[in-house]
Structure formats: structure tokens, C-alpha cells
Amino acid sequence: RGVQNATDQVAGKQVGDAGIAKFLDAVNNLVTAGGPAALYKGTDATLALCSVVGFTSFGLNEFFRRTFEGFVGSAAEQTNPYIVLGAALC
């Protein structure tokens, strides 16, 4: 039935209060089985991965932006939007 609910939601059909009740039951079962910490299991890996990806993305973006500015000779206070776009796409 859970797969059917997900399929109905993707198709734009309303699942109604039964879907919300099942969700709340699932949350209640998690908390009963593993305590409140059960709701947060797995978030540590997600946060760590998001942090690494974010830091790497920012670092590479700045590296390419400064490299492209060096090629073009743009002043730091007059960053060309095409340089920023090119750095973001790399």
C-alpha cells in the first residue's frame, strides 16, 4: 500500500488523511523502537558529505574564478559575470 501511496502522490492524486496518519504511525514506531535519536540516524553521514561537497565546490569555484581572472586581467572589484559563470560551470 505504501508504494501505491507514493505512486498516487507522484501522479498528483491526494492520499488524504490516511497518508498523514500512516506517516505519524511510522514516526511513532521509530521513536518507540529506538527513542528520539532514531529520527536522526544517518544524518551525520549526510551532513558530513554535504559539508565536503560544499567546501569542495566553493574552493574549486574560487580557484577557477581567480584563474580565469588571471587570464583576462580583470580587476578584483570588477569581476566579469562571464568569468563567474565559467567558473561555476567547471
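Bear in mind the structure is a predicted one, so any value in this text is a computation, not a measurement.

A. Highlighting the overall build of the protein chain. Assigned secondary structure in the protein chain consists of four helices and zero strands. Mapped from its N terminus to its C terminus, the protein chain presents α and β elements in the order α-α-α-α. Classification of the 90 residues of the protein chain by burial places 10% in the buried group. Summed over its atoms, the accessible surface of the protein chain is roughly 7,200 Å², and 65% of this surface lies on carbon and sulfur atoms.

B. Spatial organisation of the packing of helix α3 (residues 43-72) against helix α4 (residues 81-89). In contact at an axis separation of 8 Å, α3 and α4 are set at 135° when each is read in the N-to-C sense. For the element pair α3 / α4, the angle class is oblique. Considering only the axes of α3 and α4, their crossing is right-handed. Contacts between α3 and α4 involve Asn 61, Phe 64, Arg 65, Phe 68, Glu 69 and Val 72 from the first element and Ile 83, Val 84, Gly 86, Ala 87 and Ala 88 from the second.

C. How the structure looks around the packing of aromatic side chains. According to the stated counting rule, one finds one aromatic pair in the structure shown. With 5.3 Å between their ring centres and 65° between their planes, Phe 63 and Phe 64 make a pair best called edge-to-face.

Cut-offs used in this document
Residues numbered from 1 in each chain as written. Predicted model: local features only at pLDDT ≥ 70, side-chain atom pairs only at ≥ 80, totals over all residues. Heavy atoms only, no water. Helix = DSSP H or I, 4+ residues; strand = E, 2+ residues; numbered from the N terminus. Buried < 20%, exposed > 50% of the residue type's maximum accessible area, 1.4 Å probe, protein only. Areas by Shrake-Rupley, 256 points an atom, 1.4 Å probe, with all protein chains shown as cover. Axes fitted to C-alpha atoms, helices over the stretch in contact; angles between N-to-C directions. Parallel < 35°, antiparallel > 145°, perpendicular 65-115°, else oblique. Left-handed = near helix turned anticlockwise from the far one by under 90°. Contact = heavy atoms within 4.5 Å. Phe/Tyr/Trp six-rings, centres within 6.5 Å; stacked < 30°, edge-to-face > 60°.

As far as function goes, none of this settles anything; it's purely spatial.
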